[in-house]
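Fold and geometry: a report
So you can see what is in the structure, the chains are spelled out below.
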Amino acid sequence: MRNLARILTVALISLLVFVAAAFAAQAWLQYQADLLHADAIAAKRAELARAEAFVAPTAAAWDAKTLPTLETLLGAEIKPARHAPAASAGRLSFYYHPDPQTTLLVTFPTPPSHHLIALYQHALLLLLLLALALF
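Residues numbered from 1 in each chain as written. Predicted model: local features only at pLDDT ≥ 70, side-chain atom pairs only at ≥ 80, totals over all residues. Heavy atoms only, no water.

Let us now look at the sheet that holds strand β2 (residues 91–99). Across the sheet, which stays open at both edges, the three strands sit in the order β1-β3-β2 with antiparallel pairing between neighbours. Each of the sheet's edge strands pairs with one partner strand only, and the pair in question is β1 (77–80) and β2. Sheet twist, expressed as the mean angle between neighbouring strand axes with direction ignored, is 25 degrees. Where β2 meets strand β3 (residues 102–109), seven bridges bridge the pair, whose relative direction is antiparallel. Opposite Tyr96, over in β3, you have Leu104 as the bridge partner. In the packing of helix α1 (residues 2–55) onto the sheet, the strands contacted are β1, β2 and β3, and the crossing angle to β2 comes to about 35 degrees. On top of the sheet, helix α2 (residues 66–74) reaches β1 and β3; it is set at about 150 degrees to β1, its chief contact. (Pairing = 2+ DSSP bridges. Helix = DSSP H or I, 4+ residues; strand = E, 2+ residues; numbered from the N terminus. Axes fitted to C-alpha atoms, helices over the stretch in contact; angles between N-to-C directions. Contact = heavy atoms within 4.5 Å.)

In structure tokens, the structure reads:
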């Protein structure tokens, strides 16, 4: 009976260490995903500022002809901001202020590397469930 208790104790400690490592890995992956979102938004914002200098050099140029050109250049959807952006999976958005009177909502797809991080998170969850099932 004593050997059984020792085996169960070692198995439980191993499981707890694995669960702690899995949660730490999950937190790290979430942190990396947040960094990736911030970098993608910063890059798209800089790209929009550069494109704005070519397409809309004056403040009065934000009209129905300019926005589709910018959308094509950036691969993003640009609309005048009237309300908060709706949360949607696989898309990022930010507000852009080309001048004090104009606010634009820019929405674009997440970078492909974000999908890889999501895949890692799903694999980690499956490993955690498998470890619990084996215990």
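Continuing now.
Another point: the packing of aromatic side chains. Enumeration over the complete set of coordinates arrives at one aromatic pair. Measuring from ring centre to ring centre gives 6.2 Å for Phe94 and Phe108, while their planes differ by 70 degrees; the resulting arrangement is edge-to-face. Here Phe94 is found in strand β2, whereas its partner Phe108 is found in strand β3, with 14 residues between them in sequence. Judged by its relative accessible area of 4%, Phe108 falls in the buried class. A cation sits over an aromatic face here: Lys44 above Phe108, 5.2 Å from the ring centre. (Phe/Tyr/Trp six-rings, centres within 6.5 Å; stacked < 30°, edge-to-face > 60°. Buried < 20%, exposed > 50% of the residue type's maximum accessible area, 1.4 Å probe, protein only. Lys NZ or Arg CZ within 6 Å of the ring centre and 35° of its normal.)

Attention now goes to the pattern of salt bridges. Under the counting rule described, the total for this entry stands at one salt bridge. The partner of Lys79 in a salt bridge is Glu71, with the nearest N and O atoms 3.8 Å apart. (Salt bridge = Lys/Arg side-chain N within 4 Å of Asp/Glu carboxyl O.)

What follows concerns the side chain of Gln121. Turning to its location among the elements, Gln121 is positioned in helix α3 (residues 112–134). Of note is the side chain of Gln121, whose polar atom sits 3.4 Å from the side chain of Gln30. Setting aside its immediate chain neighbours within four residues, Gln121 contacts Gln26, Leu29 and Gln30. (Polar contact = N/O pair within 3.5 Å; in protein donor to acceptor, adjacent residues only side chain to side chain.)

Nonpolar side chains collect at one region of the surface, where Phe18, Leu127, Leu130 and Leu134 lie side by side and expose about 400 Å² of accessible area between them. The biggest single contributor to the nonpolar patch is α3, with three residues. Here Leu130 is to be found in helix α3. (Patch = residues over 30% accessible without salt bridge, like charges linked within 9 Å, V, L, I, M, F, W, Y side chains within 5 Å. Areas by Shrake-Rupley, 256 points an atom, 1.4 Å probe, with all protein chains shown as cover.)

Glancing now at α2. By the burial criterion, the buried members of α2 are Thr66, Leu67, Leu70 and Leu74. Angularly, the buried residues of α2 cover 95 degrees about the axis, an arc narrow enough to put them on a single face. Looking at the buried side of α2, the elements it contacts are α1, β1 and β3. Just downstream of α2 lies Gly75, where phi reads positive at about 70 degrees. (Arc of directions from axis to C-beta.)

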